[in-house]
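Fold and geometry: a report
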Amino acid sequence: MEDSRIALPIGTTLDRFIKKKQDEFQFATGELSQLLRDIALAGKVVNREINKAGLINIIGPIGAQNVQGEDQQKLDVLANIRFIRALTKGGEACAIVSEEDEEITDLENDGKYVIAIDPLDGSSNIDVNVSVGTIFSIYRRFTPVGTPITKEDVLQKGAEQVAAGYLLYGSSTMLVYTTGHGVNGFTYEPSLGEYFLSHPDMTIPEDGKVYSVNEGGYKSFPKEAKDYIEYCKDSKFTARYIGSLVADFHRNILKGGIYMYPPTSSSPSGKLRLLYECNALAFIVEQAGGVASDGKRRILEIEPDELHQRVPLYIGSKAMVEKAISYYS
Ligand code: AHG
Ligand code: MN
Ligand code: MN
(Lines give C-alpha, C1' and ligand atoms only; values in the text may rest on other atoms or scores of the structure.)
(Ligands and ions follow the chains in the order given, each with its own letter.)
Protein backbone atom coordinates (compact mmCIF):
# COMPACT_ATOMS: atom_id res chain seq x y z
CA MET A 1 0.00 0.00 0.00
CA GLU A 2 1.28 3.43 -0.91
CA ASP A 3 2.25 5.66 2.00
CA SER A 4 -0.29 8.46 1.80
CA ARG A 5 2.05 10.75 3.74
CA ILE A 6 4.45 10.92 0.82
CA ALA A 7 4.16 14.46 -0.51
CA LEU A 8 2.92 14.66 -4.07
CA PRO A 9 4.64 17.15 -6.35
CA ILE A 10 3.21 20.46 -7.48
CA GLY A 11 1.45 19.91 -10.79
CA THR A 12 -0.13 16.59 -9.79
CA THR A 13 -3.65 16.48 -11.20
CA LEU A 14 -6.55 16.45 -8.75
CA ASP A 15 -7.69 13.04 -9.97
CA ARG A 16 -4.31 11.50 -9.42
CA PHE A 17 -3.98 13.20 -6.04
CA ILE A 18 -7.37 11.91 -4.86
CA LYS A 19 -6.52 8.42 -6.00
CA LYS A 20 -3.14 8.46 -4.25
CA LYS A 21 -4.63 9.82 -1.05
CA GLN A 22 -7.54 7.43 -0.88
CA ASP A 23 -5.62 5.31 1.61
CA GLU A 24 -5.94 8.12 4.16
CA PHE A 25 -9.60 7.29 4.66
CA GLN A 26 -10.27 4.85 7.40
CA PHE A 27 -13.08 3.12 5.49
CA ALA A 28 -11.84 3.88 2.01
CA THR A 29 -14.12 2.39 -0.60
CA GLY A 30 -13.66 5.10 -3.17
CA GLU A 31 -17.03 6.74 -2.55
CA LEU A 32 -15.62 9.79 -0.83
CA SER A 33 -13.07 10.10 -3.61
CA GLN A 34 -15.87 10.04 -6.15
CA LEU A 35 -17.80 12.62 -4.17
CA LEU A 36 -14.84 14.98 -4.26
CA ARG A 37 -14.57 14.44 -8.00
CA ASP A 38 -18.29 15.22 -8.42
CA ILE A 39 -17.88 18.46 -6.50
CA ALA A 40 -14.80 19.37 -8.52
CA LEU A 41 -16.71 18.75 -11.74
CA ALA A 42 -19.68 20.87 -10.67
CA GLY A 43 -17.14 23.54 -9.74
CA LYS A 44 -15.91 23.55 -13.34
CA VAL A 45 -19.44 24.06 -14.60
CA VAL A 46 -20.12 26.87 -12.13
CA ASN A 47 -16.77 28.43 -13.02
CA ARG A 48 -17.91 28.50 -16.66
CA GLU A 49 -21.24 30.14 -15.74
CA ILE A 50 -19.48 32.75 -13.62
CA ASN A 51 -17.09 33.59 -16.42
CA LYS A 52 -20.07 34.23 -18.70
CA ALA A 53 -21.87 36.40 -16.14
CA GLY A 54 -20.02 39.55 -17.17
CA LEU A 55 -21.05 39.11 -20.79
CA ILE A 56 -24.66 38.61 -19.82
CA ASN A 57 -24.54 41.80 -17.79
CA ILE A 58 -22.87 43.73 -20.57
CA ILE A 59 -25.89 43.28 -22.80
CA GLY A 60 -27.91 44.79 -19.99
CA PRO A 61 -31.65 44.46 -19.92
CA ILE A 62 -31.79 41.70 -22.54
CA GLY A 63 -29.39 39.64 -20.52
CA ALA A 64 -31.20 40.44 -17.32
CA GLN A 65 -34.61 39.47 -18.69
CA ASN A 66 -34.01 36.87 -21.32
CA VAL A 67 -30.80 35.06 -20.58
CA GLN A 68 -32.03 33.43 -17.39
CA GLY A 69 -32.51 36.86 -15.88
CA GLU A 70 -35.45 36.16 -13.58
CA ASP A 71 -34.93 35.48 -9.90
CA GLN A 72 -35.01 31.72 -10.32
CA GLN A 73 -32.05 31.91 -12.65
CA LYS A 74 -29.70 34.02 -10.65
CA LEU A 75 -26.22 32.56 -10.37
CA ASP A 76 -26.57 31.51 -6.78
CA VAL A 77 -29.61 29.44 -7.70
CA LEU A 78 -27.92 28.17 -10.86
CA ALA A 79 -24.90 27.11 -8.83
CA ASN A 80 -27.24 25.30 -6.46
CA ILE A 81 -28.78 23.43 -9.38
CA ARG A 82 -25.35 22.49 -10.76
CA PHE A 83 -24.09 21.11 -7.45
CA ILE A 84 -27.29 19.26 -6.61
CA ARG A 85 -27.34 17.73 -10.07
CA ALA A 86 -23.72 16.56 -9.83
CA LEU A 87 -24.27 15.13 -6.35
CA THR A 88 -27.52 13.43 -7.37
CA LYS A 89 -25.95 11.79 -10.40
CA GLY A 90 -22.93 10.65 -8.43
CA GLY A 91 -25.01 8.65 -5.93
CA GLU A 92 -22.53 8.90 -3.08
CA ALA A 93 -24.48 11.66 -1.29
CA CYS A 94 -27.86 10.77 0.20
CA ALA A 95 -28.88 14.25 1.36
CA ILE A 96 -27.98 17.86 0.83
CA VAL A 97 -28.58 20.89 2.94
CA SER A 98 -28.07 24.05 0.93
CA GLU A 99 -28.27 27.75 1.63
CA GLU A 100 -30.69 27.98 -1.27
CA ASP A 101 -33.18 25.39 -0.02
CA GLU A 102 -35.29 25.76 3.06
CA GLU A 103 -35.45 22.02 3.77
CA ILE A 104 -33.09 19.06 3.44
CA THR A 105 -33.01 17.51 -0.02
CA ASP A 106 -33.36 13.75 0.45
CA LEU A 107 -31.84 12.09 -2.62
CA GLU A 108 -33.54 8.82 -1.68
CA ASN A 109 -30.61 6.58 -2.48
CA ASP A 110 -28.12 4.42 -0.60
CA GLY A 111 -25.43 7.07 -0.45
CA LYS A 112 -23.41 7.21 2.73
CA TYR A 113 -22.66 10.90 2.82
CA VAL A 114 -24.51 14.06 3.72
CA ILE A 115 -23.46 17.38 2.18
CA ALA A 116 -23.92 20.90 3.49
CA ILE A 117 -23.24 23.52 0.83
CA ASP A 118 -23.18 27.22 0.15
CA PRO A 119 -23.28 26.93 -3.65
CA LEU A 120 -22.31 30.53 -4.28
CA ASP A 121 -20.73 32.51 -1.49
CA GLY A 122 -20.37 36.25 -1.85
CA SER A 123 -23.02 36.41 -4.53
CA SER A 124 -23.47 40.17 -4.10
CA ASN A 125 -19.99 40.45 -5.66
CA ILE A 126 -20.88 38.60 -8.84
CA ASP A 127 -22.24 41.62 -10.73
CA VAL A 128 -19.08 43.57 -10.07
CA ASN A 129 -16.59 40.90 -11.17
CA VAL A 130 -15.20 40.29 -7.70
CA SER A 131 -14.20 36.84 -6.43
CA VAL A 132 -16.91 34.50 -5.20
CA GLY A 133 -16.83 30.92 -3.99
CA THR A 134 -18.50 27.66 -3.03
CA ILE A 135 -18.20 26.12 0.43
CA PHE A 136 -18.95 22.47 1.25
CA SER A 137 -18.92 20.06 4.18
CA ILE A 138 -19.16 16.27 3.98
CA TYR A 139 -20.49 14.10 6.81
CA ARG A 140 -21.26 10.42 7.15
CA ARG A 141 -24.99 9.91 7.48
CA PHE A 142 -26.05 9.20 11.04
CA THR A 143 -29.13 7.03 10.53
CA PRO A 144 -28.94 3.67 8.71
CA VAL A 145 -28.92 3.51 4.92
CA GLY A 146 -32.37 2.63 3.61
CA THR A 147 -34.27 4.79 6.10
CA PRO A 148 -35.51 8.32 5.34
CA ILE A 149 -33.08 11.13 6.02
CA THR A 150 -33.69 12.95 9.29
CA LYS A 151 -32.42 16.19 10.77
CA GLU A 152 -30.03 14.10 12.88
CA ASP A 153 -28.17 13.22 9.71
CA VAL A 154 -27.61 16.86 8.93
CA LEU A 155 -27.43 18.46 12.37
CA GLN A 156 -24.03 17.05 13.24
CA LYS A 157 -21.38 19.18 14.84
CA GLY A 158 -18.51 20.29 12.63
CA ALA A 159 -16.06 17.96 14.39
CA GLU A 160 -17.88 15.08 12.64
CA GLN A 161 -16.95 16.29 9.14
CA VAL A 162 -15.06 13.74 7.08
CA ALA A 163 -14.07 16.30 4.48
CA ALA A 164 -14.63 19.95 3.69
CA GLY A 165 -13.51 22.43 1.12
CA TYR A 166 -14.12 25.47 -0.94
CA LEU A 167 -13.87 26.61 -4.51
CA LEU A 168 -12.67 30.14 -5.10
CA TYR A 169 -13.63 31.68 -8.43
CA GLY A 170 -10.99 34.39 -8.39
CA SER A 171 -8.28 35.66 -10.72
CA SER A 172 -7.76 31.93 -11.02
CA THR A 173 -10.18 29.27 -9.87
CA MET A 174 -9.03 27.08 -7.02
CA LEU A 175 -10.26 24.07 -5.10
CA VAL A 176 -8.98 23.78 -1.53
CA TYR A 177 -9.97 20.81 0.60
CA THR A 178 -9.16 18.67 3.60
CA THR A 179 -10.06 15.16 4.62
CA GLY A 180 -8.51 15.68 8.04
CA HIS A 181 -4.97 15.03 6.84
CA GLY A 182 -3.83 18.56 6.09
CA VAL A 183 -5.06 21.02 3.51
CA ASN A 184 -4.25 21.04 -0.18
CA GLY A 185 -5.03 23.61 -2.85
CA PHE A 186 -5.49 23.00 -6.58
CA THR A 187 -5.54 25.59 -9.33
CA TYR A 188 -7.85 25.08 -12.27
CA GLU A 189 -6.30 25.31 -15.72
CA PRO A 190 -9.29 26.15 -17.92
CA SER A 191 -7.72 25.37 -21.28
CA LEU A 192 -6.95 21.83 -20.08
CA GLY A 193 -10.06 21.50 -17.93
CA GLU A 194 -7.95 20.14 -15.06
CA TYR A 195 -7.16 21.10 -11.50
CA PHE A 196 -3.46 20.86 -10.61
CA LEU A 197 -1.89 20.74 -7.17
CA SER A 198 -0.50 24.24 -6.64
CA HIS A 199 -0.61 24.69 -2.86
CA PRO A 200 0.46 21.43 -1.18
CA ASP A 201 0.05 21.05 2.57
CA MET A 202 -1.21 24.57 3.23
CA THR A 203 -0.55 26.11 6.62
CA ILE A 204 -1.75 29.45 7.93
CA PRO A 205 0.89 31.76 9.42
CA GLU A 206 0.62 31.60 13.20
CA ASP A 207 0.26 35.38 13.41
CA GLY A 208 -0.62 38.13 11.00
CA LYS A 209 -1.43 41.80 10.57
CA VAL A 210 -4.57 41.71 8.45
CA TYR A 211 -8.04 41.99 9.95
CA SER A 212 -11.16 41.45 7.86
CA VAL A 213 -14.48 42.71 9.14
CA ASN A 214 -17.38 44.76 7.82
CA GLU A 215 -16.80 47.79 9.99
CA GLY A 216 -20.10 49.25 8.82
CA GLY A 217 -21.62 47.24 11.65
CA TYR A 218 -19.15 48.54 14.25
CA LYS A 219 -21.65 50.53 16.29
CA SER A 220 -23.76 47.48 17.00
CA PHE A 221 -20.86 45.05 17.59
CA PRO A 222 -20.48 43.72 21.13
CA LYS A 223 -17.92 45.47 23.29
CA GLU A 224 -15.50 42.52 22.97
CA ALA A 225 -15.37 42.84 19.18
CA LYS A 226 -15.07 46.62 19.33
CA ASP A 227 -12.19 46.37 21.78
CA TYR A 228 -10.37 43.88 19.57
CA ILE A 229 -10.85 46.11 16.52
CA GLU A 230 -9.42 49.03 18.49
CA TYR A 231 -6.47 46.80 19.37
CA CYS A 232 -5.98 46.06 15.64
CA LYS A 233 -5.94 49.78 14.89
CA ASP A 234 -3.61 50.58 17.78
CA SER A 235 -1.33 47.84 16.43
CA LYS A 236 -1.47 49.49 12.98
CA PHE A 237 -2.81 46.33 11.36
CA THR A 238 -4.10 46.41 7.80
CA ALA A 239 -7.84 46.14 7.05
CA ARG A 240 -8.83 43.98 4.07
CA TYR A 241 -12.47 43.09 3.45
CA ILE A 242 -13.73 41.70 0.16
CA GLY A 243 -17.21 40.71 1.34
CA SER A 244 -16.88 37.18 -0.03
CA LEU A 245 -16.07 34.99 2.92
CA VAL A 246 -14.19 32.45 0.81
CA ALA A 247 -11.99 35.13 -0.76
CA ASP A 248 -11.25 36.86 2.54
CA PHE A 249 -10.55 33.50 4.17
CA HIS A 250 -8.29 32.36 1.34
CA ARG A 251 -6.19 35.52 1.51
CA ASN A 252 -5.84 35.18 5.26
CA ILE A 253 -4.86 31.52 5.14
CA LEU A 254 -2.07 32.34 2.71
CA LYS A 255 -0.87 35.59 4.26
CA GLY A 256 -1.99 35.38 7.88
CA GLY A 257 -4.93 37.30 9.27
CA ILE A 258 -8.28 37.15 11.01
CA TYR A 259 -11.77 37.25 9.53
CA MET A 260 -14.60 38.13 11.87
CA TYR A 261 -18.33 38.48 11.65
CA PRO A 262 -19.53 39.48 15.11
CA PRO A 263 -23.18 39.77 16.15
CA THR A 264 -24.87 42.98 15.01
CA SER A 265 -28.25 44.54 15.84
CA SER A 266 -29.72 43.21 12.59
CA SER A 267 -28.01 39.79 12.96
CA PRO A 268 -27.82 39.09 16.69
CA SER A 269 -26.10 35.74 16.11
CA GLY A 270 -23.87 37.08 13.37
CA LYS A 271 -24.68 36.64 9.70
CA LEU A 272 -22.80 33.50 8.73
CA ARG A 273 -24.35 30.06 8.75
CA LEU A 274 -22.85 27.31 10.90
CA LEU A 275 -23.67 24.35 8.68
CA TYR A 276 -22.52 25.43 5.26
CA GLU A 277 -20.17 28.37 5.87
CA CYS A 278 -18.47 28.25 9.27
CA ASN A 279 -17.97 24.52 9.84
CA ALA A 280 -16.13 23.82 6.60
CA LEU A 281 -13.78 26.76 6.99
CA ALA A 282 -13.27 25.92 10.67
CA PHE A 283 -12.20 22.38 9.73
CA ILE A 284 -9.85 23.72 7.08
CA VAL A 285 -8.34 26.42 9.27
CA GLU A 286 -7.68 23.96 12.11
CA GLN A 287 -6.09 21.54 9.67
CA ALA A 288 -3.89 24.42 8.53
CA GLY A 289 -2.89 25.31 12.10
CA GLY A 290 -5.38 28.13 12.75
CA VAL A 291 -8.37 28.67 15.04
CA ALA A 292 -12.11 29.19 14.56
CA SER A 293 -14.38 30.36 17.36
CA ASP A 294 -17.69 32.08 17.92
CA GLY A 295 -15.96 34.10 20.64
CA LYS A 296 -16.64 31.58 23.36
CA ARG A 297 -16.71 28.16 21.76
CA ARG A 298 -14.70 26.25 19.21
CA ILE A 299 -16.85 26.34 16.07
CA LEU A 300 -16.41 22.60 15.46
CA GLU A 301 -17.90 21.77 18.88
CA ILE A 302 -21.15 23.69 18.43
CA GLU A 303 -24.15 21.34 18.36
CA PRO A 304 -26.45 22.69 15.66
CA ASP A 305 -30.18 22.76 16.21
CA GLU A 306 -31.34 24.38 12.98
CA LEU A 307 -30.38 23.93 9.35
CA HIS A 308 -29.81 27.60 8.71
CA GLN A 309 -28.45 28.48 12.14
CA ARG A 310 -26.19 31.51 12.33
CA VAL A 311 -23.13 31.95 14.53
CA PRO A 312 -20.62 34.73 15.12
CA LEU A 313 -17.28 33.86 13.54
CA TYR A 314 -13.68 34.66 14.43
CA ILE A 315 -11.37 32.65 12.20
CA GLY A 316 -7.78 32.71 11.04
CA SER A 317 -4.25 32.83 12.42
CA LYS A 318 -3.97 31.23 15.83
CA ALA A 319 -2.40 34.16 17.67
CA MET A 320 -4.88 36.67 16.21
CA VAL A 321 -8.01 34.63 16.95
CA GLU A 322 -6.78 33.82 20.44
CA LYS A 323 -6.20 37.52 21.05
CA ALA A 324 -9.70 38.37 19.73
CA ILE A 325 -11.42 35.81 21.93
CA SER A 326 -9.36 36.85 24.97
CA TYR A 327 -11.69 39.88 25.10
CA TYR A 328 -14.55 37.51 25.79
CA SER A 329 -13.03 36.00 28.89
P1 AHG B 1 -23.77 34.53 0.60
O2 AHG B 1 -23.45 35.27 -0.65
O3 AHG B 1 -23.56 33.04 0.48
O4 AHG B 1 -25.12 34.86 1.18
O5 AHG B 1 -22.70 34.92 1.72
C6 AHG B 1 -22.36 36.27 1.92
C7 AHG B 1 -21.60 36.36 3.20
C8 AHG B 1 -20.11 36.18 3.08
O9 AHG B 1 -19.63 35.70 1.90
C10 AHG B 1 -19.54 37.54 3.30
O11 AHG B 1 -18.33 37.47 3.96
C12 AHG B 1 -20.60 38.24 4.07
O13 AHG B 1 -21.81 37.65 3.72
C14 AHG B 1 -20.64 39.69 3.77
O15 AHG B 1 -21.62 40.27 4.54
P16 AHG B 1 -21.71 41.85 4.68
O17 AHG B 1 -22.15 42.37 3.37
O18 AHG B 1 -22.70 42.06 5.78
O19 AHG B 1 -20.34 42.33 5.06
MN1 MN C 1 -22.11 32.53 1.89
MN1 MN D 1 -24.45 31.74 -0.91
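That block above? That's the structure.
Fair warning: this is a prediction, and the values are worked out from it, not measured in the lab.

**Notes on the packing of helix α7 (residues 245–255) against helix α8 (residues 274–287)**
Look at α7 against α8: their axes get within 12 Å of each other, and the N-to-C directions meet at 10°. The pairing of α7 with α8 is recorded here as roughly parallel in orientation. Contacts between α7 and α8 involve Leu245, Phe249 and Ile253 from the first element and Glu277, Leu281, Ile284 and Val285 from the second. Class assignment for the residues of the contact of α7 with α8 results in 6 nonpolar, no polar and 1 charged.

**Side note on the coordination of the manganese ion (ligand 2)**
Four donors placed tetrahedrally about a metal ideally form angles of 109.5 degrees, and six donors placed octahedrally ideally form angles of 90 or 180 degrees. Binding of the manganese ion (ligand 2) to the protein goes through Asp118 (OD), Asp121 (OD) and Glu277 (OE), at separations of 1.8 to 2.2 Å. Here the donor residues of the manganese ion (ligand 2) are spaced in sequence according to D-x2-D-x155-E. The metal-metal distance between the manganese ion (ligand 2) and the manganese ion (ligand 3) comes to 3.7 Å, with Asp118 coordinating both. Here Glu277 lies in helix α8 and Asp121 lies in strand β3 (residues 113–121), a separation of 156 residues in the sequence.

**Digging into the coordination of the manganese ion (ligand 3)**
Bound to the manganese ion (ligand 3) are the protein donor atoms Glu99 (OE), Asp118 (OD) and Leu120 (O), situated 2.0 to 2.2 Å from the metal. Read in sequence order, the donor residues for the manganese ion (ligand 3) give the motif E-x18-D-x1-L. Accessibility expressed as a relative area gives 2% for Leu120, which makes it buried.

**What about the packing of aromatic side chains?**
Counted by the stated rule, this structure contains 11 aromatic pairs. With a centroid separation of 6.4 Å and 90° between ring planes, the pair formed by Phe17 and Tyr177 is classed as edge-to-face. With Phe17 in helix α1 (residues 14–21) and Tyr177 in strand β6 (residues 173–178), this pair connects stretches of sequence that are 160 residues apart. Overall, the relative accessible area of 3% leaves Phe17 in the buried class. A ring pair is formed by Tyr231 and Phe237, whose centres lie 5.9 Å apart and whose planes are at 90°; its orientation type is edge-to-face. Using a relative accessible area of 28% as the deciding quantity, one classes Tyr231 as partly exposed. The class of Phe237 is buried, set by a relative accessible area of 16%. In this structure an aromatic cluster arises from ring pairing among Tyr228, Tyr231, Phe237 and Tyr327. Taking NZ or CZ as reference, Lys323 lies 4.6 Å from the ring centre of Tyr231, over its face.

Each value, and the rule that gives it
- Residues numbered from 1 in each chain as written.
- Chains lettered and ligands numbered in written order.
- Predicted model: local features only at pLDDT ≥ 70, side-chain atom pairs only at ≥ 80, totals over all residues.
- Heavy atoms only, no water.
- Axes fitted to C-alpha atoms, helices over the stretch in contact; angles between N-to-C directions.
- Helix = DSSP H or I, 4+ residues; strand = E, 2+ residues; numbered from the N terminus.
- Parallel < 35°, antiparallel > 145°, perpendicular 65-115°, else oblique.
- Contact = heavy atoms within 4.5 Å.
- Nonpolar A, V, L, I, M, F, W, Y, C, P; charged D, E, K, R; others polar.
- Donors = N, O, S within 2.8 Å, 3.2 Å for Na, K, Ca; no water.
- Buried < 20%, exposed > 50% of the residue type's maximum accessible area, 1.4 Å probe, protein only.
- Phe/Tyr/Trp six-rings, centres within 6.5 Å; stacked < 30°, edge-to-face > 60°.
- Lys NZ or Arg CZ within 6 Å of the ring centre and 35° of its normal.

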